[in-house]
Amino acid sequence: MGTPQFPDLGKHCSLLDCKQIDFLPFTCDRCHEVFCLQHRSYNLHKCPNAGKNDVNVVICPLCAKGVRLSPDEDPNITWESHVNSNCDPSNYEKVAKKKKCPVPGCREFLTFSNTIKCRDCTIDHCLKHRFGPDHKCPGPPKKLDSGFPFLGLLNQSRKVESKTSLTPVPAASSNRWTTSFLNVASSLKASAEAGISKFSSEFNQAVQVQSNSSSSSRSGSGPPEVCPQCRAKFSSVTALVEHFQKVHETNDGRAGVKKVTIDACPKCSKGFLDPVSLVEHLERDHGGTSKA
């Protein structure tokens, strides 16, 4: 067995009737014996451990579910435990009952490769009746516009007129149709006028609120404040005071520059260089009191 260069090359088959040397032997994963190419399967070398990892499933005739048989357990015991615990006869119809083509007289079962969904009625049919004329397709459902409720009444009246075109129409039915049509038209007109009036009132309220807010913002801003030194304009007294302190009170340290005190009105925040002018402003514009 083997060659001088490879003395361990090849092994004899473990089957007593064979014992043939094989240079590419197979090792069984159940009994771990070495076999040749001809006897490598479980059945040919009669492996004693072949059935331990086999999986056998039996379909229950009552519920159409698969029952797995264990090699270490009696099949009768496995079957009895399934019947007492997991067996549901109502599931048989769901699994075993096949869907048929809805066309009257057609006995074709609808399978994965034999089912076509109609684009108009969205109902499954077989290949033979897949076209609309073959299964008398009613077509897609028609929806009337909800904004015009009198269309249904108008269509119904047209159908009645087409059916009774050969017979004379009595005057009473014509007057009844005219009255009903006028009632529907008047109700539509009233609803439209109510919607327009509601929209106009809401629009006027929004415009009034916008105008009030803009007027209040303009009235609160007041006249611009003017710097007494450089005549610069500011929107508030606070901005004017900050400008005067930064620019005119620290002006390169030159002599002769005097600090100017600005008194603000506690009512309208208007600035005054002279306290007497502030008192006159309070008496004239704010009722003669200087309290905030």
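Residues numbered from 1 in each chain as written. Predicted model: local features only at pLDDT ≥ 70, side-chain atom pairs only at ≥ 80, totals over all residues. Heavy atoms only, no water.

Looking only at helices and strands, the chain has six helices and 12 strands in total. Within the chain, the fraction of its 292 residues that count as buried is 17%. Here the contacts in the chain between residues at least 6 apart in sequence split such that 19% fall between residues at least 24 apart. Surface summary for the chain: the accessible area is close to 22700 Å², and the carbon and sulfur share equals 56%. (Helix = DSSP H or I, 4+ residues; strand = E, 2+ residues; numbered from the N terminus. Buried < 20%, exposed > 50% of the residue type's maximum accessible area, 1.4 Å probe, protein only. Contact = heavy atoms within 4.5 Å. Areas by Shrake-Rupley, 256 points an atom, 1.4 Å probe, with all protein chains shown as cover.)

A few words now on the side chain of H45. Of note, H45 is situated in the loop between β4 (34-35) and β5 (56-59). A distance of 2.5 Å separates a polar atom in the side chain of H45 from the backbone oxygen of S41. Setting aside chain neighbours within four positions, we find H45 in contact with L15, C28, C31, F35, H39 and R40. (Polar contact = N/O pair within 3.5 Å; in protein donor to acceptor, adjacent residues only side chain to side chain.)

Right, let's talk about the nonpolar core for a bit. If you look at the biggest cluster of nonpolar residues, it comprises seven residues: C13, C28, C31, F35, C36, C47 and A50. For A50, the contacting residues outside a window of four places in its chain are R30 and Y42. (Core = buried A, V, L, I, M, F, W, Y, C linked by side-chain atoms within 4.5 Å.)

Non-glycine residue K19 carries a positive phi angle of around 55 degrees. Within the secondary structure, K19 sits in the loop between β1 (11-12) and β2 (21-22). Although it is not a glycine, H32 adopts a positive phi angle of roughly 60 degrees. Following the sequence through the fold, H32 ends up in the loop between β3 (26-27) and β4.

Moving on, we get to helix α5 (residues 237-248). Under the 1.5 Å per step criterion, the end-to-end length of α5 is 16 Å for 12 residues, consistent within 8% with the ideal 16 Å. Where α5 is concerned, the buried positions are V237, L240, H243, F244 and H248. With its buried residues spanning 120 degrees around the axis, α5 presents them on a single face. Away from its buried face by more than 90 degrees, α5 exposes T238 and K246. (Expected span 1.5 Å × (residues − 1). Arc of directions from axis to C-beta.)

One pass over the structure, following the stated rule, counts four salt bridges. Notably, a salt bridge pairs D285 with R284, separated by 3.6 Å at the nearest N-O pair. According to the relative accessible area criterion, D285 is partly exposed, its value standing at 45%. Under the relative-accessibility criterion, R284 is labelled exposed at 57%. (Salt bridge = Lys/Arg side-chain N within 4 Å of Asp/Glu carboxyl O.)

Another point: the state of the cysteines. Scanning all chains against the criterion turns up zero disulfides. The thiol sulfur of C28 is not disulfide-bonded, and the nearest other cysteine sulfur, from C31, lies at 3.6 Å. Here C47 stays free of any disulfide, with the sulfur of C31 as its closest cysteine sulfur at 3.8 Å. Of the residues examined, C47 reaches a relative accessible area of 11% and is grouped as buried. (Disulfide = S-S within 2.5 Å.)

Time to look at a nonpolar patch on the surface. A cluster of nonpolar side chains, contributed by F6, L9, I21, F23 and L24, occupies part of the molecular surface with about 500 Å² of accessible area. A relative accessible area of 55% means that F6 is categorised as exposed. (Patch = residues over 30% accessible without salt bridge, like charges linked within 9 Å, V, L, I, M, F, W, Y side chains within 5 Å.)

So, about the pairing of β5. Across four bridges, β5 lies against strand β6 (residues 66-69) in antiparallel orientation. The partner of I59 across the bridge, within β6, is G66. Two successive antiparallel strands, β5 and β6, enclose a turn made up of six residues, where A64 displays a positive phi of approximately 65 degrees. (Pairing = 2+ DSSP bridges.)

Now for the side chain of T78. Along the chain, T78 falls in helix α1 (residues 75-85). The residues touching T78, leaving out its near neighbours within four places in the chain, are V67, R68, L69 and E73.

Of the residues in the chain, 74% have a pLDDT of 70 or more, and the chain-wide mean is 75. Predicted confidence for residues 216-220 stays below pLDDT 50, and this span has zero contacts to residues more than four positions away or in other chains. Predicted confidence for residues 250-257 stays below pLDDT 50, and this span has two contacts to residues more than four positions away or in other chains. (pLDDT = per-residue confidence, 0-100.)

Let's shift gears to the environment of G10. For G10, the position within the fold is in the segment before β1. The exposure class of G10 is buried, given its relative accessible area of 6%. The sequence separation of G10 and P25 amounts to 15 residues, and the corresponding C-alpha distance is 6.8 Å.

Turning to the environment of Q229, a few remarks are in order. Mapped onto the elements, Q229 comes out in the loop between β9 (225-226) and β10 (233-234). The exposure class assigned to Q229 is partly exposed, which follows from its relative accessible area of 46%. Sequence separation of Q229 and F244 is 15 residues, and the distance between their C-alpha atoms is 8.4 Å.

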